[in-house]
Amino acid sequence: MKRYCQTLTLKNEPELVSKYIEVHSHVWPEIIEGQHEVGILSMQIYAKDNVLFMIVDTKDDFDWDRDMARLATLPRQAEWEAFVAKFQGCSAEARSDEKWQMMDRMFYLYD
């Protein structure tokens, strides 16, 4: 399994942040299906005010650039990205991998 961690800053408007969180309790089925289709096993998003942190676990053969480009072509994905862009303060045409910023692991505790 591979793990990717990313961050994104939403518009600094509490009402929009609340709505963004609410929207993610009802993610469209096609979006979830597409994520599974390209090899995403699980995804978690954490929020602190308007700053988001996402953990994405994938299959071992997942290639971020290749598979995220493929995800962008799947049903309703572009529509979803345009819909959530209004909360994120970015272009409605931006793909997920263009909005979320990849983070580097700087510490790891393992027993």
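Since the model is a prediction, treat every value here as computed from it, not as a measurement. (Residues numbered from 1 in each chain as written. Predicted model: local features only at pLDDT ≥ 70, side-chain atom pairs only at ≥ 80, totals over all residues. Heavy atoms only, no water.)

Draft legend 1. Quick peek at unusual backbone geometry. The backbone of Asp49 shows a phi angle near 55°, a positive value even though the residue is not glycine. Inspection of the secondary structure assignment puts Asp49 in the loop between β2 (40–48) and β3 (51–58). You will see that Arg76, though not glycine, has its phi angle at about 70°, which is positive. Relative to the helices and strands, Arg76 resides in the loop between α3 (64–71) and α4 (77–88). (Helix = DSSP H or I, 4+ residues; strand = E, 2+ residues; numbered from the N terminus.)

Draft legend 2. Representation of the sheet that holds strand β1 (residues 2–9). Here we have four strands laid out as an open sheet, ordered β2-β3-β1-β4, and antiparallel in their pairing. Edge positions in the sheet fall to β2 and β4 (101–102), since each has one partner strand and no second. Examined bridge by bridge, β2 and β3 share eight bridges and lie antiparallel to one another. Directly across from Ile45, in β3, lies its bridge partner Met54. (Pairing = 2+ DSSP bridges.)

Draft legend 3. Representation of α4. Under the 1.5 Å per step criterion, the end-to-end length of α4 is 16 Å for twelve residues, consistent within 8% with the ideal 16 Å. All of the buried residues in α4 are Gln77, Trp80, Glu81, Val84, Ala85, Phe87 and Gln88. The buried residues of α4 occupy an angular sector of 145° when projected down its axis, which confines them to one face. Lining the buried residues of α4 we find β1, α1 (14–23), α2 (29–38), α3 and α5 (96–99). A positive backbone phi angle near 70° is found at Gly89, which sits one or two residues after α4. (Expected span 1.5 Å × (residues − 1). Buried < 20%, exposed > 50% of the residue type's maximum accessible area, 1.4 Å probe, protein only. Arc of directions from axis to C-beta. Contact = heavy atoms within 4.5 Å.)

Draft legend 4. Inspection of the side chain of Lys99 at higher detail. Here Lys99 lies in helix α5. For Lys99, a relative accessible area of 9% corresponds to the buried category. Side chain to side chain, Lys99 and Glu81 meet in a polar contact 2.7 Å long. Residues contacting Lys99, with those up to four places away along its chain left out, are Thr7, Leu8, Glu81, Val84, Ala85, Gln88, Cys90 and Ala94. (Polar contact = N/O pair within 3.5 Å; in protein donor to acceptor, adjacent residues only side chain to side chain.)

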